[in-house]
Amino acid sequence: MAKQSISGRMTSMDLQTYYDQLFEESAPIIEQGIHLVDPLAGRQDTRFGLTLRIVPPSAVKEPIMLFLRDLQQRDSQQYYYPPSDIHFTLLSVLSCEENFRLDTVDVAAYVGLIDKVLKNERTFVMKVNGITASPACILLQGFPEHDMLNAIRQRLRLAFGQSSLKQSIDQRYTLHTAHSTVVRFRHPVSDGPDLLHVLRKHRGVNFGAFSVTEIELVYNDWYHRQVTILHRFQLLETINSDDGL
């Protein structure tokens, strides 16, 4: 695990170290075909929750889809996220669970609380540079400008912690990274060494960067195949910022 900054968050250097370590630990597992498979990937799902997410623009998704098509031509048995489902999770407010229904919570109360936190937040740049992998999936490496993502997460954690709203933030794990899962293993891979070779070629590929101008609150299933957008929160325009685009 990469060392975190004193604030408890990850700097860009820490993130790269984490992504690198995750990949190198997973590489021999991928090569040998010993995967954590999820046969439910891409199928009808009854697990639902509430998520705050960031959706990249088409200009960033296009090179990502080229990468995924290359993988899919080599092994069509895995689950490849379609462009409509690619996202970066800001925070899992209510983790997906069986048969969770939207009418059991007060959506307006969630929107109101989140709006109080986000109304003064400014836009920031997310760079999508390279890929990493775990024994269960392949992920894009995200690098948010000035660690803005985790700063916002911390403010949301504090706000929810002081409220009476139902939430399950950090119950599964504490989210510090800015990754986006784009492939799930639902079968052992057909050629582990070949897959690992392709992944290593894309370790440092620059997929682009984009300005995060809005954050979506969604009601979603586990894989974001079934999504209802509940609210879009607009971030304030950043003034005199070197956006790095």
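Residues numbered from 1 in each chain as written. Predicted model: local features only at pLDDT ≥ 70, side-chain atom pairs only at ≥ 80, totals over all residues. Heavy atoms only, no water.

Please provide a residue-by-residue account of the overall build of the chain, values included.
Across its full length, the chain holds 5 helices and 9 strands. When the helices and strands of the chain are read in sequence order from the N terminus, they spell out α-β-α-β-β-α-β-β-α-β-α-β-β-β. Looking at the chain residue by residue over its 245 residues, the buried ones come to 50%. At a minimum sequence separation of 6, the contacts of the chain that also span at least 24 residues come to 80%. Within the structure as shown, the chain displays about 11800 Å² of accessible surface, and the carbon and sulfur contribution to it stands at 50%. (Helix = DSSP H or I, 4+ residues; strand = E, 2+ residues; numbered from the N terminus. Buried < 20%, exposed > 50% of the residue type's maximum accessible area, 1.4 Å probe, protein only. Contact = heavy atoms within 4.5 Å. Areas by Shrake-Rupley, 256 points an atom, 1.4 Å probe, with all protein chains shown as cover.)

Account for the nonpolar core, with residues named and values stated.
In this structure, Leu 68, Leu 71 and Leu 199 are the most contacted members of the largest nonpolar core, which totals 67 residues. Filtering out sequence-adjacent residues up to four positions away, Leu 68 remains in contact with Tyr 80, Tyr 81, Ile 86, Val 182 and Val 183. (Core = buried A, V, L, I, M, F, W, Y, C linked by side-chain atoms within 4.5 Å.)

Describe in detail the packing of aromatic side chains, supporting the description with residues and values.
In total, this model carries 10 aromatic pairs according to the counting rule given. Measuring from centroid to centroid gives 4.9 Å for Phe 48 and Tyr 219, while their planes differ by 20°, and the two rings are stacked. Here Tyr 219 lies in strand 8 (residues 214–221) and Phe 48 lies in strand 1 (residues 47–54), a separation of 171 residues in the sequence. We note that Phe 48, like Tyr 219, is buried. It is Arg 203 that lies over the ring of Phe 23; its NZ or CZ is 4.6 Å from the centre. (Phe/Tyr/Trp six-rings, centres within 6.5 Å; stacked < 30°, edge-to-face > 60°. Lys NZ or Arg CZ within 6 Å of the ring centre and 35° of its normal.)

Please provide a residue-by-residue account of the side chain of Gln 141, values included.
Tracing the backbone shows Gln 141 in strand 5 (residues 137–144). On the basis of relative accessible area, Gln 141 is assigned to the buried category, the value being 1%. If we ignore the near neighbours within four places in the chain, the residues touching Gln 141 are Gln 16, Tyr 19, Lys 127, Val 128, Asn 129, Gly 130, Ile 131, Thr 132, Ala 178 and Arg 203.

Describe helix 5 (residues 192–201), with residues and values.
Turning to helix 5, its buried residues number three or more, namely Gly 192, Leu 195, Leu 196, Val 198 and Leu 199. The arc that holds every buried residue of helix 5, seen down its axis, measures 160°, which confines them to one face. (Arc of directions from axis to C-beta.)

So what's going on with the environment of Asp 85? Which residues, and what values?
Secondary-structure assignment places Asp 85 in the loop between strand 2 (79–80) and strand 3 (88–98). For the pair Asp 85 and Val 182, spaced 97 residues apart in sequence, the C-alpha separation works out to 8.8 Å.

Before we move on, can you summarise the pattern of salt bridges with the specific residues and values?
Throughout the structure, instances matching the rule amount to 11 salt bridges. The salt bridge involving Glu 216 is made with Arg 232; its shortest N-O contact spans 3.4 Å. With Glu 216 in strand 8 and Arg 232 in strand 9 (residues 227–234), this residue pair connects regions lying 16 residues apart in the sequence. Judged by its relative accessible area of 6%, Glu 216 falls in the buried class. Arg 232 gets classed as partly exposed once you look at its relative accessible area, which sits at 43%. Each of Arg 53, Glu 214, Glu 216 and Arg 232 takes part in a single network of salt bridges with overlapping partners. (Salt bridge = Lys/Arg side-chain N within 4 Å of Asp/Glu carboxyl O.)

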